[in-house]
Amino acid sequence: TRLNNDFQFLDVGRKDPTKKDLETRRHKFVEIYQPFTKDEVANQAHRCLACGNPYCEWKCPVHNFIPNWLKLISEGNIFEAAELSHQTNSLPEVCGRVCPQDRLCEGACTLNDGFGAVTIGNAEKYITDTAFAMGWKPDMSKVVWTDKKVAVIGAGPAGIGCADVLVRNGVKPVVFDKYPEIGGLLTFGIPEFKLEKSVMSRRRKVFEEMGVEFRLNTEVGKDITLEQLLRDYDAVFMGMGTYNYMKGGFPGEDLPGVYDALPFLVSNVNRNLGFEKSPEDFISVKGKRIVVLGGGDTAMDCNRTSIRQGATSVTCAYRRDEDNMPGSKREVANAKEEGVQFLFNRQPVEVVGNGKVEGVKVVTTQLGEPDAKGRRSPVVVPGSEEILPADVVLIAFGFRPSPQPWFETNGVKTNDWGGVIAPEHQPFKFQTSNPKVFAGGDMVRGSDLVVTAIWEGREAAQGILDYLNV
Ligand code: FAD
Ligand code: SF4
């Protein structure tokens, strides 16, 4: 039944979408949430209070018109909701799936104060999934084409966000990516249980119909140079991500059986998508005891991929407490349900083993006395050393930018941690020190979120349009 009154939030509680059964979740690389039904989404959307000054909109990095599209779906106007949702976001159905909503829009919802936030992320995902299924396509009928074209390096969220805004303003984007499919980490990083890969292949078709050209399997710096792009295009956008893996700096990190998180996750995706070049490229953890080091989204994805591959045990050791984990709380809860064991306040000091991994030596930490500024740093508890038995160790300590030598030779400056310098304003948004080159996403801000990369790509496109005076 569908309720419809202004105090709906008093009668109808927050409802998260139903999860698939644990047996499926532990074995299959499929999304774990069932989609909302038409009535469910309408009931949930109508819980929105339509606050005059919506905090959710402010907190959402792309500033989605959240209460407006919630009203449209509560009335059943899916196509209008999809048009409106695409005015601010290039990949709403992706953000609806992977944003840490508890820290962003839903964390800021007024109803979070005791009633349960509106399920904004799932409503956002529902709008685009349903609109596409009903045959909706972005309306390009009013686009006036210019003679300008822009090269976009990287088909991740930043590059896609940039290409989307350019093409809607009549500027032809040609997107180069070294991978065989678009999406960047959305395809070759984030596993299927959070985001099924058909979502991105569907998107590729939509963008191609809009006029975006993708040149995949093409690495800039190898197959084509930046100099060539600068010669052949009116401007260049770089959205190349961050791909230097951070190390722990402790002994044993080079033992056979220790892997960086991303090669492990990518090898899994390549196998599932049929992109695997040789069976030796696949990192299998079936029948093995796994220790994952780290506490962010990447660590959670390693944990849950290991469970699905059939590891005998998966232990995640994190150096702080649960409240201070950087990853989404929803994904930590999902990992626990699927059988991951968490050990908090454990600092790894060594990977031990004779010719291969046998375990990880950790010490327990606790918060020490406040310093002069009142800050409490973790200190090691004396005598707390223990060895966590392991056959495979997956290291998920994060990423640093990976600047290429051809950045500097083309006048694109980087800062002291390797990030490309591209200020948010002045004189054109996200312009680098080479006026014809713009940049955004992880390679500018350091590894962060899908939605912030999309926002920077979209803002940079605005900078390019202003620079090209179109
Ligand atoms: P990327 O997504 O890294 O895309 C960069 C693209 O540039 C890639 O496709 C790459 O192939 C291409 N490229 C690089 N160099 C070249 C070159 N020379 N020539 C051609 N192409 C090139 N964020 C969330 O919001 N929610 C999550 O749940 C989440 N989970 C994550 C899980 C994992 C395992 C990881 C690693 C990250 C996760 N993130 C998550 C972070 C998020 O994926 C990134 O912040 C986001 O993808 C950054 O977008 P980007 O466009 O800047 O870079
Ligand atoms: Fe929330 Fe992310 Fe959607 Fe913004 S883009 S409304 S933060 S789920």
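Residues numbered from 1 in each chain as written. Chains lettered and ligands numbered in written order. Predicted model: local features only at pLDDT ≥ 70, side-chain atom pairs only at ≥ 80, totals over all residues. Heavy atoms only, no water.

Draft legend 1. Focus on the side chain of Ser85. One can find Ser85 in helix H6 (residues 78-86). Ignoring any residue separated from it by four or fewer positions in sequence, one finds Ser85 in contact with Asn64, Trp69, Pro92 and Thr128. (Helix = DSSP H or I, 4+ residues; strand = E, 2+ residues; numbered from the N terminus. Contact = heavy atoms within 4.5 Å.)

Draft legend 2. The arrangement of the sheet that holds strand S7 (residues 289-293) in detail. What the five strands build is an open sheet, ordered S6-S14-S7-S8-S9; its pairing is parallel. In the strand order of this sheet, the two ends are held by strand S6 (258-260) and strand S9 (341-343), each with one partner. Within this sheet the neighbouring strands show an average axis-to-axis angle of 20°, counted without direction. Judged from the three bridges that link them, S6 and strand S14 (residues 392-395) form a sheet pairing that is parallel. (Pairing = 2+ DSSP bridges. Axes fitted to C-alpha atoms, helices over the stretch in contact; angles between N-to-C directions.)

Draft legend 3. Fine view of the domain arrangement of the chain. Domain boundaries in the chain define domain 1 (8-133), domain 2 (149-242 + 400-468) and domain 3 (247-397). Counting residues at the interface gives 16 residues for domain 1 and 14 residues for domain 3. Taken together, the two surfaces of domain 1 and domain 3 that pack against each other cover about 1200 Å², and 38% of this comes from carbon and sulfur. Among the residues domain 1 hides against domain 3, the three largest losses belong to Arg25, Arg26 and Phe29. Together they make up 46% of the total. Between Arg25 and Glu337 there is a salt bridge, with the nearest N and O atoms lying 2.8 Å from each other. Viewed at the interface, domain 3 and domain 1 are joined by 13 residue pairs in polar contact (both at pLDDT 80 or more). (Domains from an automatic or database assignment. Buried area = accessible area lost by both parts, 1.4 Å probe. Salt bridge = Lys/Arg side-chain N within 4 Å of Asp/Glu carboxyl O. Polar contact = N/O pair within 3.5 Å; in protein donor to acceptor, adjacent residues only side chain to side chain.)

Draft legend 4. Spotlight on the environment of Phe65. Counting through the fold element by element, Phe65 comes out in the loop between helix H4 (55-59) and helix H5 (66-74). Judged by relative accessible area, which is 29%, Phe65 ranks as partly exposed. Setting aside residues no more than four positions away along its own chain, Phe65 makes contact with Glu57, Leu84, Gln87 and Thr88. (Buried < 20%, exposed > 50% of the residue type's maximum accessible area, 1.4 Å probe, protein only.)

Draft legend 5. Local environment of unusual backbone geometry. Positive phi outside glycine occurs at His63, with the angle close to 55°. On the secondary structure map, His63 appears in the loop between H4 and H5. By relative accessible area, which is 35% here, His63 ends up partly exposed. Despite not being glycine, Asn217 has its phi angle at roughly 55°, a positive value. The residue Asn217 is located in the loop between strand S3 (213-215) and helix H12 (226-232) in this model.

Draft legend 6. Geometry of the pairing of strand S11 (residues 359-367). Bridge analysis of strand S10 (residues 346-352) against S11 gives six bridges, and the strand direction is antiparallel. Bridged to Gln347 within S11 is Val363. Hairpin remark: S10 followed by S11, antiparallel, with six residues in the connecting loop; positive phi at Gly353, about 160°. Relative to strand S13 (residues 386-389), S11 is paired through four bridges, and the arrangement is antiparallel. Bridging from a neighbouring strand, Lys361 pairs with Ile387 of S13. In this sheet, strand S12 (residues 378-380) lies alongside S11 in antiparallel orientation, the contact comprising three bridges. Paired with Thr365 across the strands is Val380, a residue of S12.

Draft legend 7. Focus on the packing of helix H3 (residues 38-45) against H5. Where H3 contacts H5, the axes come no closer than 8 Å and their chain directions differ by 135°. It follows that H3 is oblique to H5 by the angle criterion. Classified by chirality, the crossing of H5 by H3 is left-handed. Along its contact with H3, which presents Val41, Ala42 and Ala45, the element H5 presents Leu70, Ile73 and Ser74. (Parallel < 35°, antiparallel > 145°, perpendicular 65-115°, else oblique. Left-handed = near helix turned anticlockwise from the far one by under 90°.)

Draft legend 8. Examining the packing of aromatic side chains more closely. Evaluation of the coordinates by the stated rule reveals twelve aromatic pairs. Each ring, one from Trp406 and one from Phe407, has its centre 5.0 Å from the other, and the planes form 80°; the classification is edge-to-face. Looking at Trp406, the relative accessible area reads 13%, which means it is buried. What makes Phe407 buried here is its relative accessible area of 2%. What links up through ring pairs into an aromatic cluster is the set Tyr179, Phe188 and Phe275. The ring of Tyr243 has Lys178 sitting right over it, with the charged end atom 5.7 Å from the ring centre. When the ring centre of Phe282 is taken as origin, the NZ or CZ atom of Arg271, which lies over that ring, is 3.9 Å away. (Phe/Tyr/Trp six-rings, centres within 6.5 Å; stacked < 30°, edge-to-face > 60°. Lys NZ or Arg CZ within 6 Å of the ring centre and 35° of its normal.)

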